[in-house]
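Each chain, written out:
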Amino acid sequence: MRRPRGWKLWGGLAVAGVILLGIAGPYVYIHYIEGDPPAPLDARATSSPQPVVGTVEGTWSVASGSQAGYRVKEVLAGQQATAVGRTDKVTGSLTVAGATVTRASFDVDLASVSSDQGRRDDSFRGQIMQTDRFPTATFVLASPVALGALATTGGTRQLIVSGRLTLHGVTKEVTFPLAVVRSGATVTASGQVPVVFADYGVANPSIGGFVTTDDKGVVEVLLHFTKVTVS
């Protein structure tokens, strides 16, 4: 039985519609439903200049408002996006002697990291970071850091920090810039640590070819400090 010509027309329109939906759907979702990703964590955006209070020497503890997380570029059906996940479950401290940070160590509860997508979070805690086996990320300072003028006055300075980052049970040496703001009785620091997933034995976060990600990302931190002891 011969099909009418209209069948081919409607069939072609249906195929075109499916293709258009496959292209337009992710674009609409990313740009109009999901929205823009959160801005990078930045100490300079959260601290207002105030005269410094007290000496910088002593032990400083991570205070409320601190955050840590990840930022990774991903592609959803051809559309570029940025995945961001964060947690405020950050602990740790640093010690200042004279004008130098001599010790510092921090822990991040990876099982509490969340984004704006539940499925992404499930993948992060499961096949990607395996938080049931490796629930914590840690950073330990490897070399002393000179504070320079921040030891005596307020303001902002960029410092270069080297230390040992442990993710997924693997420890690597890392060096990265840290923006440090001293204002009033507080010190705030922020930075981004580049991470290549394979270096830490982390599975590729891509999902079935529909969502693909870069093979690298960054660990973001924003740390607020308050003094707990005086040297």
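You'll find the structure just up there.
First, a word on scope: everything that follows refers to the structure included in this document. Remember, it's a predicted structure, so these values are computed and weren't measured experimentally.

1. Remarks on the environment of Pro49
At step 1: As for its placement among the helices and strands, Pro49 is situated in the loop between helix H1 (5–34) and strand E1 (58–62).
At step 2: As for Pro49 and Arg182, which are separated by 133 residues in sequence, their C-alpha atoms are 7.9 Å apart.

2. A few points about unusual backbone geometry
Most peptide bonds take the trans form, and the phi angle of most residues other than glycine is negative.
At step 1: Of note in this structure, Gln130 is not a glycine but carries a positive phi near 50 degrees.
At step 2: By secondary structure assignment, the location of Gln130 is in the loop between helix H2 (118–128) and strand E6 (136–141).
At step 3: Residues other than glycine seldom take positive phi values, yet His168 does so here, at roughly 55 degrees.

3. Some details on the nonpolar core
At step 1: Residues Val101, Leu110, Leu147, Leu167 and Phe225 are the most contacted members of the largest nonpolar core, which totals 45 residues.
At step 2: The contact partners of Leu147, leaving out residues within four places of it in the chain, are Val56, Val96, Ala99, Val101, Arg157 and Leu159.

4. Considerations on the pairing of strand E5 (residues 100–109)
At step 1: Examined bridge by bridge, strand E4 (residues 90–97) and E5 share eight bridges and lie antiparallel to one another. Within E5, the residue paired with Val90 across the bridge is Val108.
At step 2: Count of turn residues in the E4/E5 antiparallel hairpin: two residues, of which Gly98 carries a positive phi of about 65 degrees.
At step 3: Here E5 pairs with strand E7 (residues 145–146) via two bridges, running antiparallel. Bridge pairing in E7 links Thr100 to Ala146.
At step 4: As defined by bridge partners, E5 adjoins E6 across five bridges and the pair is classed as antiparallel.

5. Side note on the packing of aromatic side chains
At step 1: Counting across every chain of the model gives three aromatic pairs.
At step 2: Ring centres of Tyr70 and Phe124 lie 5.1 Å apart, and the angle between their planes is 25 degrees; this geometry places the pair in the stacked category. Placement of the pair is Tyr70 in strand E2 (residues 67–76) and Phe124 in helix H2, with a sequence separation of 54 residues.
At step 3: Relative to Phe176, the ring of Phe139 lies with its centre 5.8 Å away and its plane at 70 degrees, an arrangement referred to as edge-to-face. Of this pair, Phe139 sits in strand E6 while Phe176 sits in strand E9 (residues 170–183), and the two are 37 residues apart along the sequence.
At step 4: Using a relative accessible area of 12% as the deciding quantity, one classes Phe139 as buried.
At step 5: For Phe176, a relative accessible area of 6% translates into the label buried.

6. Overview of the pattern of salt bridges
At step 1: Applying the stated criterion across every chain, the model contains six salt bridges.
At step 2: Between Arg86 and Glu220 there is a salt bridge, and its shortest N-O distance comes to 3.3 Å. Linking Arg86 in strand E3 (residues 79–87) with Glu220 in strand E12 (residues 216–229), this pair joins segments that are 134 residues apart in sequence. Per residue, the accessibility class of Arg86 equals that of Glu220, and both read buried.
At step 3: In this structure, Arg120 and Asp116 form a salt bridge, with 2.9 Å as the shortest nitrogen-oxygen distance.
At step 4: Of the residues examined, Arg120 reaches a relative accessible area of 16% and is grouped as buried.
At step 5: Overall, Asp116 belongs to the partly exposed group, its relative accessible area being 46%.
At step 6: Each member of the salt-bridge network shares a partner with another, and the members are Arg71, Arg86 and Glu220.

Each value, and the rule that gives it
- Residues numbered from 1 in each chain as written.
- Predicted model: local features only at pLDDT ≥ 70, side-chain atom pairs only at ≥ 80, totals over all residues.
- Heavy atoms only, no water.
- Helix = DSSP H or I, 4+ residues; strand = E, 2+ residues; numbered from the N terminus.
- Core = buried A, V, L, I, M, F, W, Y, C linked by side-chain atoms within 4.5 Å.
- Buried < 20%, exposed > 50% of the residue type's maximum accessible area, 1.4 Å probe, protein only.
- Contact = heavy atoms within 4.5 Å.
- Pairing = 2+ DSSP bridges.
- Phe/Tyr/Trp six-rings, centres within 6.5 Å; stacked < 30°, edge-to-face > 60°.
- Salt bridge = Lys/Arg side-chain N within 4 Å of Asp/Glu carboxyl O.

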